[in-house]
Amino acid sequence: MKYIYRKGNNMGQNKKIELTITPNYVSDWNFQDAIRELIQNGTDQQTLDSENVFGISYDEQENILQLSNSGSTLEINTLLLGCSTKSNNADTVGQFGEGYKIAALVLNRLGKTFSVYNNSKDEIWISKFEHSEVFDEKVLTFEIIPNQTSNSGLVIEIENVTLDEYNSLYDVWTGMPDAENHKTIETSYGHIFTEKDMRGKIFVNGLAVEKEKNLYFGYDFKPQYITVERDRKSCSTWDMRSTTSKMICEAIDNNDLNIKDLMKIASDGSFYDICNIQYQTYTEKGRKVKDMIVSDFDENNRSAIPVGNQSDYDKVKRLGGKPVFVPHEIAQIVSETTEERIKELTEESRNGSFSVKEKLQQWRDFYENDFSSEAIEQFDKIIEELE
């Protein structure tokens, strides 16, 4: 239902405020990008105050989309670029102070009307492009119209929205009305989506950010654990790799995933979800995961040593041990165990009946990392001269 404005409600003079933004700003943004900003603002407001409930609705008959917060108010200074009530708040997604202004610009550029019913201020804000005498360019302008009302809260109303455009928002926000419920694993860092059709999809606080083909699962991160870049279409790769590894470790610790699942992921390819688990082995959950991997390996490979490359494989073979290849990420996680077992095997071999050449090869393998590649190459030549 469209909000009704009547001239009789006008209590004073209208204001027009020019923003120093031209129509071609963020020229690559589309309808989904613009509405994502508005949803982000609304959900962030609810995060800051749980009683300030955010809602979204669509009138198919009128082609009107409405986004509302039950307790929000827009202050005039929010029209300044960079002005944000959410800066440095770790629990919110938005930080840059551009949200609704940029959304208004994009939607106006797409031929939509953009009206804000700032009810607690008894105002309606309407955006449009107008020629600026100051800048001699067309710029985004907000007209602020006094409008006495008994309504409360804040309502953003966008006209000329097609049903297809509205339905496209289900790919933008997981909290859309009657949205599909996906199977997830809950962790303290957010949710892991386990269904194949969600693979690689990245959300922050329910808002779509990007799709990463090198992720095995999909993820919905809590804002404090992930940095969304300024374009809102990507996030910090390091944050993503680090946080997903923590989520995987926690899911295994909680028995929502098991070591067989982790081994399957590693066997299927090199995925960002698990590539940083090696850096979690200093934590309690990370150590548990490592110990569980080693236990699973030993159960299936008696008296063997897990290796992840040909060099370690050859080294173990020369020492008379039993090397077994494991996926690269698994080898990284259990690298300390591999080194310990190779050291033990080396000590055992020194007491065994090996030729001088074999003993030198074993010595070379054990101390290889202590010498330059040139020194090792020369040593190899000397060994080869021995019969």
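Up top you'll find the structure we're talking about.
Keep in mind that what you see is a predicted model, and the values were worked out from it rather than measured.

> Quick one: what's the story with the pattern of salt bridges, residue by residue and with numbers?
Applying the stated criterion to the full structure yields 10 salt bridges. Where glutamate 75 meets lysine 121, a salt bridge forms, and the shortest distance between an N and an O atom there is 3.0 Å. With glutamate 75 in the loop between β3 (64-69) and α2 (99-109) and lysine 121 in the loop between β4 (113-118) and β5 (123-132), the pair connects residues that are 46 residues apart, well separated along the chain. The class for glutamate 75 is partly exposed, based on a relative accessible area of 36%. The class for lysine 121 is partly exposed, based on a relative accessible area of 35%. Of the charged contacts in the structure, one is a salt bridge between lysine 288 and glutamate 284, with a shortest N-O distance of 3.9 Å. A residue pair is termed a helical-turn pair when its members lie 3 or 4 positions apart in one helix, as lysine 288 and glutamate 284 do in helix α7 (residues 284-300) at 4 residues. For lysine 288, a relative accessible area of 36% puts it in the partly exposed group. When salt bridges with common partners are traced through the structure, they connect Asp253, Glu284 and Lys288 into a single cluster.

> Mind laying out α2, listing which residues take part and the relevant values?
Within α2, 10 of the 11 residues are buried, which leaves the element mostly enclosed by the surrounding structure. Among the residues making up α2, those that are buried are Gly99, Tyr100, Lys101, Ile102, Ala103, Ala104, Leu105, Val106, Leu107 and Asn108.

> Quick rundown of the nonpolar core? Include the residues and the values.
Judged by nonpolar contacts, the single largest core of 41 residues is most densely connected at Ile248 and Leu262. Elements with a contribution of two residues or more to this core: β10 (201-204), β12 (218-221), α4 (237-253), α5 (259-268), α6 (272-275), α7 and α9 (328-333). If you look at the next biggest cluster of nonpolar residues, it comprises 39 residues, including Phe31, Tyr58, Ile102 and Ala104.

> Quick rundown of the packing of α4 against α7? Include the residues and the values.
Where α4 meets α7, the axes come as close as 9 Å, and the angle between the chain directions of the two elements is 65 degrees. Relative to α7, α4 is oriented roughly perpendicular. Viewed along their axes, α4 and α7 form a crossing whose handedness is left-handed. Listed contacts from α7 to Cys249, Glu250, Ile252 and Asp253 of α4 are Lys285, Gly286, Lys288, Val289 and Met292.

Parameters at a glance
Residues numbered from 1 in each chain as written. Predicted model: local features only at pLDDT ≥ 70, side-chain atom pairs only at ≥ 80, totals over all residues. Heavy atoms only, no water. Salt bridge = Lys/Arg side-chain N within 4 Å of Asp/Glu carboxyl O. Helix = DSSP H or I, 4+ residues; strand = E, 2+ residues; numbered from the N terminus. Buried < 20%, exposed > 50% of the residue type's maximum accessible area, 1.4 Å probe, protein only. Core = buried A, V, L, I, M, F, W, Y, C linked by side-chain atoms within 4.5 Å. Axes fitted to C-alpha atoms, helices over the stretch in contact; angles between N-to-C directions. Parallel < 35°, antiparallel > 145°, perpendicular 65-115°, else oblique. Left-handed = near helix turned anticlockwise from the far one by under 90°. Contact = heavy atoms within 4.5 Å.

Remember, this is a structural readout, not a statement about activity or role.
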